[in-house]
Amino acid sequence: MRILALDSSGLVASAAVVEEDQTIAEYTVNYKKTHSQTLLPMVDEIAGMIELDLGTLDAIAVAAGPGSFTGLRIGSATAKGLGLALDIPLIHIPTLEGLAYNLYGVSEMVCPLMDARRKQVYTGVYSFQGGFSTVVDQCAVPVVELADRLNELGQAVIFLGDGVPVYRDVLDEALSVPHTYAPAHMNRQRAASVGALGIEYFKQGRTETAAQHAPDYLRMSQAERERAQREKKE
Amino acid sequence: MNEKKDILILAIESSCDETAAAVVRNGREILSNIIYSQIDLHTLYGGVVPEIASRKHIEKINQVIEKALAEAGVSLQDIDAVGVTYGPGLVGALLVGVAEAKAIAYAAGKPLVGVHHIEGHIAANFIEHRELEPPFLCLVVSGGHTHLVRVRDYGKFDILGRTRDDAAGEAFDKVARAIGLGYPGGPKIDKVAKEGNPDAVQFPRAHVEDAPYDFSFSGVKSAVLNYINGCKMKGESFRQADVAASFQKAVTDVLVGNAMHAVEEFGVDKFAIAGGVAANSALRQAMAQACEERGIKFYYPSPIYCTDNAAMIGVAAYYEYINGTRHGWDLNAVPNLRLGER
């Protein structure tokens with residue numbers, strides 16, 4: 001089984017080719033958000049280096065939200081176009097699950113954080129005890145609310161993601177549980193993690209057609225939100 | 001045996017609120033033209049909401065492309081190139097089509113051709129007028145654009161004039177909202193105006209000093225708003241149909257006046273209109289009459305090719321393709337892309 005994985009949900013753009021027991025190639029850049037110009041050239045670059053025959057791919061895994069709305073759509077549209085042309089399914093990987101998978105096997109709770117602006121984080125809580133499981137499903141919440149929840153859970157936590165530099169001080173202040181922060185080689189989105197988790201999803205039959213796929217933003221657009229508020233007031 | 005092979009273009013358009021795909025043969029023959037319009041969704045907000053448009057594009061784009069291929073009875077392998085609108089337009093909306101088109105072209109091993117949206121509108125005239133060839137003059141009028149263009153050759157354009165403020169279609173939308181017709185303004189004003197007197201109210205015809213081909217529509221829009229407010233303050237009612245007809249006449253007079261001035265100045269014998277507002281019946285009539293008076297040929301596309309569609313993008317992409325234009329996998333959406341820019 002061979003999967004092409006993409007993640008352009010945040011500042012990182014990343015592409016990888018992953019097989020069941022190994023990663024064949026990974027290209028990750030955490031520098032300026034120009035995903036529209038870089039993502040497909042990155043795929044082309046690694047495909048060339050590993051002499052990839054696109055026809056041998058079984059599926060495309062994509063980090064499908066939450067994240068930057070535009071970044072998600074660049075990843076999704078790229079995955080959908082590839083899926084359409086190659087006639088293969090897509091695997092919808094929740095961004096925070098993909099991030100958590102960077103820390104596969106740790107004993108602590110894993111808590112990825114993405115800066116969601118508007119004083120919120122996109123986050124979730126995951127555990128590798130007895131297999132990969134979701135403790136708190138991905139959501140958009142104020143960081144203090146997350147800290148309360150983690151204190152309630154009462155277990156050691158390891159954080160990662162681009163929300164860490166933004167909220168590290170707040171977390172250190174609010175948390176009563178032991179906590180650490182993931183180091184530089186595993187604390188941002190990596191397509192190899194999306195691909196490795198994608199293989200697990202694929203084996204469980206959790207695929208969708210390229211036509212069905214759409215990102216999961218976890219948030220309404222501003223116009224929809226304001227309209228809902230207006231209707232509530234009326 | 002020297003049989004000329006057909007050239008098939010798969011075209012994708014997502015610059016605003018229409019998700020569209022088409023298959024075009026040899027630049028003039030439309031094998032399929034699929035349009036998913038989001039207009040009902042945006043009507044709730046009184047105009048196009050960019051984030052909602054982008055979200056809808058990504059939900060619908062594969063279905064639209066698959067349907068375009070199926071209706072044309074071709075597979076991706078039969079296609080010679082993938083054409084896509086990369087500007088101007090809403091950046092988030094454009095990006096969906098661009099990323100999708102790039103991925104399809106890449107995976108199918110086909111060349112990619114980026115197309116300018118307005119060049120697509122102009123090219124819409126080639127679909128139903130096989131005899132039309134450059135050079136000619138074209139007025140592009142839509143919700144986002146008002147350009148008077150000299151088409152020197154396929155892919156070669158000079159912009160003679162443009163709007164200094166509102167696009168013509170934008171003025172239609174704003175006035176329609178003000179007189180209680182709602183969104184989208186163009187077709188609604190067109191319909192109501194048929195019942196009204198175009199000379200009932202004298203709205204201003206703005207001319208831009210030292211730029212005979214430029215347009216300005218914010219003045220006429222403000223004049224309509226002032227007129228309505230004036231009526232309200234005096235406790236008088238106004239006739240919606242008369243205001244609509246008078247406003248439409250004011251806009252049409254300026255469009256026709258500037259266009260014919262250019263026709264005379266440049267001595268062309270062919271004139272075309274394009275874009276969503278080109279579907280306006282009063283504008284078509286006035287242009288047809290003005291062209292007839294001057295003994296020049298007048299071209300306009302059917303309404304389905306006036307509003308945003310991918311067939312026109314496929315036509316423009318064909319001429320770009322045979323002229324050798326190829327874009328790389330780093331093609332980006334360019335929301336303010338200039339006409340003729342490559």
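In this text the structure is predicted, and so the values were computed from the model without any measurement.

1. Some points on helix α2 (residues 50-72) of chain B
Along an α-helix, residues three or four positions apart point the same way, because every turn accommodates 3.6 residues.
Here comes step 1: With 23 residues, α2 of chain B extends 30 Å between its outermost C-alpha atoms, agreeing within 8% with the 33 Å of an ideal straight helix rising 1.5 Å per residue.
Here comes step 2: Within α2 of chain B, the axis deviates most sharply at Lys60 of chain B, by approximately 45°.

2. A word on unusual backbone geometry
Here comes step 1: Cis rather than trans, the peptide bond between Gly65 of chain A and Pro66 of chain A has omega equal to 10°.
Here comes step 2: Among the secondary structure elements, Pro66 of chain A is positioned in the loop between β4 (59-63) and α2 (69-86).
Here comes step 3: Note that the residue after Pro134 of chain B, namely Pro135 of chain B, is joined by a cis bond; omega there is 5°.
Here comes step 4: With respect to the secondary-structure elements, Pro135 of chain B resides in the loop between α4 (117-128) and β6 (136-141).

3. Observations regarding the nonpolar core
All names here are of chain B.
Here comes step 1: Ala21, Ala22 and Cys138 are the most contacted members of the largest nonpolar core, which totals 186 residues.
Here comes step 2: Ranked by the residues each element gives to this core, the list is headed by helix α3 (residues 91-108), at 12 residues.
Here comes step 3: With residues near it in sequence (within four places) discarded, Ala21 still touches Leu10, Ala11, Ile12, Ile34, Val64, Ile65, Ala68 and Ala310.

4. Considering the UniProt feature "binding site: Fe cation" (unreviewed entry) in chain B
Residues and elements named next belong to chain B.
Here comes step 1: With numbering matched to this structure, UniProt assigns "binding site: Fe cation" (unreviewed entry) to His117, His121 and Asp308. With the annotated positions falling across 192 residues, the maximum pairwise C-alpha distance of 8.8 Å places them together in a single cluster.
Here comes step 2: Its place among the elements puts His117 in helix α4.
Here comes step 3: In contact with His117, other than residues within four places in its own chain, are Ser15, Thr85, Gly87, Pro88 and Gly89.
Here comes step 4: Assignment of secondary structure puts Asp308 in the loop between α10 (303-306) and α11 (311-322).
Here comes step 5: Among the residues examined, Asp308 registers 27 C-beta atoms within 10 Å and is labelled buried.
Here comes step 6: Other than its neighbours up to four places away in sequence, Asp308 contacts Glu13, Ser15, Cys16, Glu18 and Ala20.

5. Describing the domain arrangement of chain B
For an interface, size is often stated in terms of accessible area lost upon the parts coming together.
Residues and elements named next belong to chain B.
Here comes step 1: Domain assignment breaks chain B into domain 1 (8-123 + 306-322) and domain 2 (133-300).
Here comes step 2: One C-alpha centre belongs to domain 1, the other to domain 2; they are set 27 Å apart.
Here comes step 3: Across the boundary between the two partners, domain 1 contributes 13 residues, which contact 20 residues of domain 2.
Here comes step 4: Put simply, the parts of the chain that give the side of domain 1 that touches domain 2 at least two residues each are α1 (39-43), α4 and α11.
Here comes step 5: Residues of the side of domain 1 that touches domain 2, tallied by class, amount to 6 nonpolar, 5 polar and 2 charged.

6. So, the packing of helix α4 (residues 143-153) of chain A against helix α5 (residues 164-174) of chain A
All names here are of chain A.
Here comes step 1: It is at 10 Å that the axes of α4 and α5 come closest, and there the two elements cross at 40°. Helix-helix and strand crossings are classified by hand; for α4 and α5 the assignment is right-handed. Mapping the contact onto sequence places Val143, Val144 and Ala147 in α4 and Tyr167, Val170, Leu171 and Ala174 in α5.
Here comes step 2: A class-by-class count of the residues in the contact of α4 with α5 yields 7 nonpolar, no polar and no charged.

7. Remarks on the UniProt feature "domain: Gcp-like" (unreviewed entry) in chain B
Here comes step 1: As annotated in UniProt, the feature "domain: Gcp-like" (unreviewed entry) corresponds to residues 29-314 of chain B in the numbering used here.
Here comes step 2: Annotation note: span residues 29-314 of chain B, helix share 50%, strand share 17%, distance between end C-alpha atoms 10 Å.

8. Structural notes on the sheet that holds strand β9 (residues 157-160) of chain A
Residue and element names in this part refer to chain A.
Here comes step 1: Taken in spatial order, the 5 strands make up an open sheet running β8-β7-β6-β9-β10, and their pairing is mixed. Of all strands in the sheet, those bounded by a partner on one side alone are β8 (133-141) and β10 (179-181). This sheet shows a mean twist of 20° between the axes of neighbouring strands, independent of strand direction.
Here comes step 2: Relative to strand β7 (residues 121-127), strand β6 (residues 109-115) runs antiparallel, the two being bridged by 4 bridges. Counted as the bridge partner of Val110 is Tyr126 from β7.
Here comes step 3: The sheet contacts of α4 involve β6, β7, β8 and β9, and relative to β8 the element is tilted by about 160°.

9. Here we look at the environment of Pro178 of chain A
Here comes step 1: Checked against the element boundaries, Pro178 of chain A lands in the loop between α5 and β10.
Here comes step 2: Separated by 23 residues in the primary sequence, Pro178 of chain A and Gln155 of chain A have C-alpha atoms spaced 7.3 Å apart.

So, how was this worked out
- Residues numbered from 1 in each chain as written.
- Chains lettered and ligands numbered in written order.
- Predicted model: local features only at pLDDT ≥ 70, side-chain atom pairs only at ≥ 80, totals over all residues.
- Helix = DSSP H or I, 4+ residues; strand = E, 2+ residues; numbered from the N terminus.
- Expected span 1.5 Å × (residues − 1).
- Bend = angle between axes of the 7 residues up to and from the residue.
- Core = buried A, V, L, I, M, F, W, Y, C linked by C-beta atoms within 7 Å.
- Buried ≥ 20, exposed ≤ 12 C-beta atoms within 10 Å, placed from the backbone.
- Contact = placed C-beta atoms within 7 Å.
- UniProt positions renumbered as here; feature names shortened; annotations may be inferred.
- Domains from an automatic or database assignment.
- Nonpolar A, V, L, I, M, F, W, Y, C, P; charged D, E, K, R; others polar.
- Axes fitted to C-alpha atoms, helices over the stretch in contact; angles between N-to-C directions.
- Left-handed = near helix turned anticlockwise from the far one by under 90°.
- Pairing = 2+ DSSP bridges.

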